[in-house]
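In case you want the letters, here they are:
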Amino acid sequence: MHELGVTFYVVRDVKKVAEENGIDRIDFVTLEIGEVSGVINEQLTDCWNWARKKEKVTENTELIIENLEAVSFCECCQREFGTIDYGKTCPYCGGGNTYLLRGNEFNIKEIGVYDNT
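What counts, and at which threshold
- Residues numbered from 1 in each chain as written.
- Predicted model: local features only at pLDDT ≥ 70, side-chain atom pairs only at ≥ 80, totals over all residues.
- Heavy atoms only, no water.
- Patch = residues over 30% accessible without salt bridge, like charges linked within 9 Å, V, L, I, M, F, W, Y side chains within 5 Å.
- Areas by Shrake-Rupley, 256 points an atom, 1.4 Å probe, with all protein chains shown as cover.
- Salt bridge = Lys/Arg side-chain N within 4 Å of Asp/Glu carboxyl O.
- Helix = DSSP H or I, 4+ residues; strand = E, 2+ residues; numbered from the N terminus.
- Buried < 20%, exposed > 50% of the residue type's maximum accessible area, 1.4 Å probe, protein only.
- Phe/Tyr/Trp six-rings, centres within 6.5 Å; stacked < 30°, edge-to-face > 60°.
- Lys NZ or Arg CZ within 6 Å of the ring centre and 35° of its normal.
- Contact = heavy atoms within 4.5 Å.

There is a patch of nonpolar side chains on the surface, built from V36, I84 and L100 and spanning about 220 Å² of accessible area. Among the secondary structure elements, L100 is positioned in strand β5 (residues 98-102). By relative accessible area, L100 is classed as partly exposed at 34%.

Written as structure tokens, this is what we have:
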């Protein structure tokens, strides 16, 4: 389960941003996770709920996950298509000369504080 490992990286990065900005608590963290990133949202959430309590700055931080659709591109017909539905075969021309455009991301999109008073 690599969700625990990536959770530790997220907590570390969030803690660093908080320290750099003189913030004593983070209210929410928004992650962008691609459909084919290999990260299982439910497991990541479970890991987050455990790991966030290990640091004072994240102990009450809400995790928000935004899922990003996996999209591939066909070099034969120059069209985009949903990777999950069609895999590596283009549904328009049947070509196999395709590649993933997006959908394997794992990004910290936003670190938020509602009020730091």
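We now examine the packing of aromatic side chains. One pass over the full model with this rule turns up four aromatic pairs. Where F8 meets W50, the ring centres are 6.0 Å apart and the plane angle is 70 degrees; that geometry is what we call edge-to-face. Here F8 is found in helix α1 (residues 3-20), whereas its partner W50 is found in helix α2 (residues 41-51), with 42 residues between them in sequence. For F8, a relative accessible area of 42% translates into the label partly exposed. When the centroid spacing of 6.3 Å and the interplanar angle of 75 degrees are considered together, the rings of F81 and Y86 count as edge-to-face. What makes F81 buried here is its relative accessible area of 4%. Residue classification places Y86 among the partly exposed residues on the basis of a relative accessible area of 46%. Over the aromatic face of Y92 sits the side chain of R79, whose NZ or CZ is 3.6 Å from the ring centroid.

Another point: the environment of L31. Residue position: L31 is located in strand β1 (residues 28-34). Classification of L31 by relative accessible area gives buried; the value is 1%. C-alpha separation for the pair L31 and C74, spaced 43 residues apart in sequence, amounts to 28 Å. Here L31 is in contact with V10, L44, L63, I64, I65, E66, F106, N107, I108 and K109, once residues within four sequence places are set aside.

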